[in-house]
Amino acid sequence: MTCEVLDARNLLCPLPVIRTQDAVQQLKAGDLLRVICTDPGALHDIPAWCRVHGHHIAGVERKDRDITITVEVGESNA
Amino acid sequence: MDLAVESGFRRPDRDSCSMAEPRKAVALISGGLDSLLAARVILDQGVHVEGINFYTGFCVEGHTQAIRKNASARPKRNNALWVAEQLGIRLHIADVIEEYKDVVINPRHGYGAHLNPCLDCKIFMVRKARQWMDVKGFDFIITGEVIGQRPMSQRRDTMSVVVRDSGVDDRLLRPLCAKNLAPTFPEREGWVDREQLHGFSGRSRAPQMKLAAAYGFTDYAQPAGGCCFLTDKQYAVKLADLWATRGQRRYEFDDIMLLKVGRHLRPRPHFKLIVGREEGENHFLEGYRKQFTHLKPVTHSGPLALLEGEADENDLTLAARLVARFSQGRDAEHVGVEIVEQGNRSRVIQVAPLPSGAVRDEWYL
């Protein structure tokens, strides 16, 4: 299992979702991707994207303006 | 997890299919009602459907919600993702910002009422979907188009232009108006049953709303002025001004983002001010401070303003008086305005706010 970090700060949705999508395509099932973003819209959009693709949200943290969403890549990643 | 099964959608009855595996269709999902319905109609025929959504940079949803604080009370959602969840299908969001520039700048079929290259846009998106279809091994493409629904891209004659110029051949199925068109390859091959498709036409939304109600869709995005800033008159004015003052038709992503934010005033031909209208916009504009000369009142609450272009001392004074006009000190004798020129030279000048009558209507873009 690997844990990658994606810096999507100062990007407005849907760009954080698109960057997440591109990063997840490079990962395997069970891998983690920590997406750091600043657009609160990502709190809705990244989990929604994960749901339709069978990935899981392993955690959400907020610190100042930074929002970190941890995605666990699902078995459906192909 | 099979989301389609989880959400209760009917899967193909293998015994009734001529193929062992269901055919695969990629649906152009805008986030609006028509593409939602079109995809659902085909899902109901047992076809495997996945969605694709193209991000051009001109999409209305998302950015303005994120930027403007006074819109923060409204629920934020990406409508294309919402549609995918309703349908239980995968959605692929494609960043086409760079490729799309040529569509906006050089539309072969021209613009609509403003700077909206709707026909070229549809051709572009169908062509991209065709490329995606070929790479992913899908069989055909679905759109939510309805004959007569849009004046430029959804007429009988222009819909055939989309087929011709996109190179999609007859792998493009429009389930909501298919009965008004010649049978396409998926229909002729029996991949879909033409009898279960629809024959909608015209600008009325009533048939779509009735179908949505039959499916139980209630919270879909309401069409209100389109989903693209290029159809917006004021936005088109600002984009045309950008091209005119640069002397060439080009743009970068930051340019088209900034056109969505703030008041845009051009008090002199050689410079423009972008003035934040509220806290969220001021915060957004702060991210661009290093790229622009910028001004902000320091003795009174007021907006951040970016100055684009060349400005001499007289111009900077005029800009400061304008910014003071939009501050809480608009009725004060003097307002202190900080000016930070590119290169970080910072100073504060005291100016008399411009009287309201001195802010000319023609300055507003």
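The model shown is predicted, which means the values in this text are computed figures rather than measured ones.

Novice: Describe the packing of aromatic side chains, naming the residues involved and giving the relevant values.
Specialist: All names here are of chain B. Applying the stated rule across the entire model yields 10 aromatic pairs over all chains. Consider the rings of phenylalanine 58 and tyrosine 251, whose centres lie 5.5 Å apart with planes at 80°: the pair is edge-to-face. Remark: tyrosine 251 occurs in the loop between helix 10 (233-246) and helix 11 (253-258) and phenylalanine 58 occurs in the loop between strand 2 (48-55) and helix 3 (63-67); sequence separation between them is 193 residues. For phenylalanine 58, a relative accessible area of 0% puts it in the buried group. Judged by relative accessible area, tyrosine 251 falls into the buried class, the value being 1%. Geometry around tryptophan 82 places arginine 77 over its ring, the cationic atom sitting 4.2 Å from the centre.

Novice: Tell me what's going on with the environment of aspartate 157 of chain B, and back it up with residues and numbers.
Specialist: Residue and element names in this part refer to chain B. In this fold, aspartate 157 is placed in helix 7 (residues 156-166). Separated by 125 residues in the primary sequence, aspartate 157 and glycine 32 place their C-alpha atoms 23 Å from one another. Within the local environment of aspartate 157, its side chain forms a polar contact with the side chain of arginine 155, the two groups lying 3.0 Å apart.

Novice: Any details on the packing of helix 6 (residues 118-136) of chain B against helix 7 of chain B? Residues and values, ideally.
Specialist: Residues and elements named next belong to chain B. Viewed as axis vectors pointing N to C, helix 6 and helix 7 meet at an angle of 45°, and their least axial separation amounts to 9 Å. One finds that helix 6 runs oblique with respect to helix 7. By crossing handedness, the relation of helix 6 to helix 7 is classed as right-handed. Between helix 6, through Leu119, Lys122, Ile123, Val126 and Arg127, and helix 7, the contact on the second element is made entirely by Thr158, Val161, Val162, Asp165 and Ser166. In the contact of helix 6 with helix 7, the residues fall into five nonpolar, two polar and three charged.

Novice: Mind laying out the pattern of salt bridges, listing which residues take part and the relevant values?
Specialist: Two side chains of opposite charge can pair, provided their charged atoms sit close to one another. Residues and elements named next belong to chain B. In the structure shown here, the tally under the stated rule is 27 salt bridges over all chains. Across the salt bridge formed by aspartate 165 and arginine 164, the nearest N and O atoms sit 2.7 Å from each other. Looking at aspartate 165, the relative accessible area reads 15%, which means it is buried. For aspartate 170, the salt bridge goes to arginine 188, with nearest N and O atoms at 2.6 Å. Residue aspartate 170 is found in the loop between helix 7 and strand 5 (172-173), and its partner arginine 188 is found in helix 8 (residues 185-188); the two are separated by 18 residues along the sequence. Salt bridges linked by common partners bring Glu313, Glu341, Arg345 and Arg347 together as one network.

Novice: Give me the interface of chain A and chain B: which residues, what numbers.
Specialist: Opposite the 19 residues of chain A that make contact, chain B presents 25 residues. Across the chain A/chain B interface, buried area totals approximately 1900 Å², and carbon plus sulfur atoms make up 63% of it. On inspection of chain A and its partner chain B, the count reaches two salt bridges. Among the salt bridges present, the one from arginine 51 of chain A reaches glutamate 85 of chain B, with a minimum N-O distance of 2.6 Å. Joining chain A to chain B, the criterion identifies seven residue pairs in polar contact (both at pLDDT 80 or more). Per-element tally for the side of chain A that touches chain B: the top contributor is helix 2 (residues 42-53) of chain A, with seven residues. Among the residues making up the side of chain A that touches chain B, the classes are represented as nine nonpolar, five polar and five charged.

Novice: Please give an account of unusual backbone geometry that cites residues and values.
Specialist: Residues and elements named next belong to chain A. For the bond from cysteine 13 to proline 14, the omega torsion is 15°, close enough to zero to count as cis. The residue asparagine 10 is not glycine, and still its phi comes out positive at about 70°. Mapping asparagine 10 onto the fold places it in the loop between strand 1 (3-8) and helix 1 (15-24). Notably, aspartate 64 is not glycine yet its phi reads approximately 55°, a positive angle. Within the secondary structure, aspartate 64 is located in the loop between strand 3 (56-63) and strand 4 (66-72). Taking relative accessible area as the criterion, aspartate 64 reaches 77% and is therefore assigned exposed.

Calculation criteria
Residues numbered from 1 in each chain as written. Chains lettered and ligands numbered in written order. Predicted model: local features only at pLDDT ≥ 70, side-chain atom pairs only at ≥ 80, totals over all residues. Heavy atoms only, no water. Phe/Tyr/Trp six-rings, centres within 6.5 Å; stacked < 30°, edge-to-face > 60°. Helix = DSSP H or I, 4+ residues; strand = E, 2+ residues; numbered from the N terminus. Buried < 20%, exposed > 50% of the residue type's maximum accessible area, 1.4 Å probe, protein only. Lys NZ or Arg CZ within 6 Å of the ring centre and 35° of its normal. Polar contact = N/O pair within 3.5 Å; in protein donor to acceptor, adjacent residues only side chain to side chain. Axes fitted to C-alpha atoms, helices over the stretch in contact; angles between N-to-C directions. Parallel < 35°, antiparallel > 145°, perpendicular 65-115°, else oblique. Left-handed = near helix turned anticlockwise from the far one by under 90°. Contact = heavy atoms within 4.5 Å. Nonpolar A, V, L, I, M, F, W, Y, C, P; charged D, E, K, R; others polar. Salt bridge = Lys/Arg side-chain N within 4 Å of Asp/Glu carboxyl O. Buried area = accessible area lost by both parts, 1.4 Å probe.

That is the geometry; function is a separate question.
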